[in-house]
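Structural overview for review
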Amino acid sequence: MKIGIDLGGSHVAVGIVENGKIQKHLEKDIVEKRQIENVLVEDILNLIKALLDNNKLEENIEKIGISAPGIIHNDTIVKASNLNLYNFNLISKLKENYPKTEINIRNDGKCAAVAEKKYGSMQNYSDCIFMNIGTGIGGAVFLNYKLLEPKKSSGFEIGHMVIQKDGKLCTCGKKGCFEAYCSIKALKNQVLEVLGKEENITGKELWNLLKYNDKNEKIENLLDEYAENLATGISNLIDIFEPEIICFGGSFIHYELWIMERLMKKLQEPNRMFSRSKFPQMSMAVLKNEAGIIGAVE
Ligand SMILES: [Zn+2]
């Protein structure tokens, strides 16, 4: 049996996966972030045990895969600031309880990409780019059906390519990064600024603000500007990788209605791209919340 673990910013989910489908799953909110290392290990072990007990399954686990946020290197969570985790080797902790089980860990964006490549909207394409747009922008690239994996760090940090010299300050410390303009968090901040609102809002509230302000000229201009920045980043990626398809994941998929038409128009403007190869397909991720658990065991 294969068990996938999805470590989110505020919850941990554990599922039994068979042939790319989650058979059973359980999840728990992460409330306590002090001493999170111990809390997390305990939560994961309890969830696995409950999952097996509830379904009267014997403990016969051949593989455990973990999807985790942040920078993962050498099986270690080097930095996951949302979870307050730094230089934490979760695998060695789980190995104490499952010494004979194969255990892997991979960045959540890469897990989602792998799942979407094998079972989702990218499965029939050889050269693909997966863009996970949410709080930040993560990416993964497949060429000739293979995920490109750099040796030294997680790689394909497309959110941190600079699209504006001396531009907005990014959380990474650089200026003008793609995600400082085009993450959903950035979009949310831009909408609040234009509407003169100061409070923090949920994704659902942002959706409503866009829906009920669709004739608002300031919002229209803002969305055009957002699409313009997105087109700049994406046209760079198309010129470098010549993908057959670009698949969008993360909370971005909820805002397709306001963004995709504008984006396509911008991308098709003359002199937008050097590449004269066939224009790639654009698709939304279809596995949604399940992608982390499914991709973790692949
Ligand atoms: Zn950055």
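Residues numbered from 1 in each chain as written. Predicted model: local features only at pLDDT ≥ 70, side-chain atom pairs only at ≥ 80, totals over all residues. Heavy atoms only, no water.

**Quick look at unusual backbone geometry**
This is how it is decided: Secondary structure counts use DSSP, requiring at least four H or I residues in a row for a helix and at least two E residues in a row for a strand, with both numbered from the N terminus. Exposure is judged per residue with a 1.4 Å probe applied to protein chains only, and the accessible area is read against the type maximum: over 50% gives exposed, under 20% gives buried, and values in between give partly exposed.
Unusually for a residue other than glycine, Tyr145 sits at a positive phi of about 70°. Assignment of secondary structure puts Tyr145 in the loop between strand S10 (137-143) and strand S11 (146-147). Tyr145 sits in the exposed class, given a relative accessible area of 52%. In this structure, Lys288 is a non-glycine residue whose phi angle is positive, near 45°.

**Remarks on the domain arrangement of the protein**
So the rule is basically this: Here the bounds of each domain stem from an automatic or database domain assignment. By definition, residues are in contact when any of their heavy atoms lie within 4.5 Å. Once two parts are put together, the accessible area they lose, assessed with a 1.4 Å probe and summed over both, is termed the buried area. Criterion for a salt bridge: a side-chain nitrogen of Lys or Arg within 4 Å of a carboxyl oxygen of Asp or Glu. N or O atoms within 3.5 Å of each other form a polar contact, as long as, within protein, one can give a hydrogen and the other can take it, and as long as residues adjacent in sequence are counted only when both atoms are side-chain atoms. Just so you know the grouping, Ala, Val, Leu, Ile, Met, Phe, Trp, Tyr, Cys and Pro go in nonpolar, Asp, Glu, Lys and Arg go in charged, and all remaining residues, Gly too, go in polar.
Taken domain by domain, the protein comprises domain 1 (2-111 + 290-296) and domain 2 (124-285). Taking only C-alpha atoms into account, the centre of domain 1 sits 28 Å from that of domain 2. In this complex, domain 1 contributes five residues to the contact, which on the side of domain 2 involves 10 residues. Note on domain 1 versus domain 2: buried area summed over both sides is about 670 Å², and carbon and sulfur give 51% of it. The largest share of the area that domain 1 buries against domain 2 comes from His73, Gly109 and Lys110, three residues that together contribute 65% of it. Taken together, domain 1 and domain 2 are joined by one salt bridge. At the junction of domain 1 with domain 2, the criterion picks out one residue pair in polar contact (both at pLDDT 80 or more). Where the side of domain 1 that touches domain 2 is concerned, the elements lending two or more residues are strand S5 (71-73) and helix H3 (108-119). A class-by-class count of the residues in the side of domain 1 that touches domain 2 yields one nonpolar, two polar and two charged.

**What about the coordination of the zinc ion?**
In an ideal octahedron of six donors the angles at the metal are 90 or 180 degrees, and in an ideal tetrahedron of four donors they are 109.5 degrees. Note the following rule: We call an atom a donor if it is N, O or S and sits within 2.8 Å of the metal, or 3.2 Å for Na, K and Ca. Water is not counted, so some sites may look partial. Only four donors with every angle between 85 and 135 degrees are called tetrahedral; only four or six donors with opposite donors over 155 degrees apart and all others between 65 and 115 are called square planar or octahedral, in that order; all others are irregular.
Taken together, His160 (ND1), Cys170 (SG), Cys172 (SG) and Cys177 (SG) make up the full set of protein donors to the zinc ion, lying 2.0 to 2.4 Å away. One can describe the site at the zinc ion as tetrahedral: its four donor atoms subtend angles covering 105 to 120° at the metal. Summarised as a motif, the one-chain spacing of the donors to the zinc ion is H-x9-C-x1-C-x4-C. Within this pair, whereas His160 is found in the loop between S11 and helix H4 (178-182), its partner Cys172 is found in the loop between S11 and H4, the two being separated by 12 residues in sequence.

**Structural notes on the layout of surface pockets**
What counts is decided by this rule: Buriedness of a pocket was judged along seven lines, with at least five required to meet protein on both sides within 12 Å; pockets are open sets of points on a 1 Å grid over the protein atoms alone, cavities are sets where a 1.4 Å probe fits but cannot get out, and lining residues have an atom within 4 Å of a point. Grid points are joined across faces, edges and corners, and a volume is the space filled by probe spheres set on the points.
Considered as a void within the structure, the second largest pocket measures approximately 390 Å³ in volume. Lining the second largest pocket are 18 residues, with Ile72, Ile105, Arg106, Asn107 and Glu149 positioned closest to its centre. Of all the secondary-structure elements, those providing two or more residues to the lining of the second largest pocket are S5 and strand S8 (102-107). Ranked by the residues each element gives to the lining of the second largest pocket, the list is headed by S8, at four residues. Viewed by domain, the lining of the second largest pocket spans two of them, domain 1 (2-111 + 290-296) and domain 2 (124-285), each represented by three or more residues.

**Observations regarding the sheet that holds S10**
To keep it simple, the criterion reads: Strand pairing is assigned whenever DSSP identifies at least 2 bridges connecting the two strands. Here, axes are lines fitted to C-alpha atoms. For helices the fit covers the stretch in contact, and angles between N-to-C directions go from 0 to 180 degrees.
Spatial strand order, S11-S10-S9-S12-S13: five strands in an open sheet with mixed pairing. The sheet is open, and its two borders are formed by S11 and strand S13 (281-284), each paired with just one other strand. Note that strand S9 (residues 128-133) and strand S12 (residues 245-249) share five bridges and pair parallel. Along S12, the bridge assignment pairs Cys128 with Ile245. Sitting on the sheet, helix H7 (residues 217-241) touches S9, S10 and S12, and the angle it makes with S9 is about 150°.

**Some thoughts on the nonpolar core**
Quick note on the threshold: Residues belong to one nonpolar core when they are buried, are Ala, Val, Leu, Ile, Met, Phe, Trp, Tyr or Cys, and are joined through side-chain atoms within 4.5 Å.
Met131, Leu230, Phe248 and Phe252 are the most contacted members of the largest nonpolar core, which totals 46 residues. Among the elements that take part in this core, H7 stands out by supplying 10 residues, more than any other. Apart from residues lying up to four places away in sequence, Phe248 is in contact with Met131, Ile133, Ile234, Ile253, Met260, Leu263, Met282, Ser283, Met284 and Ala285.

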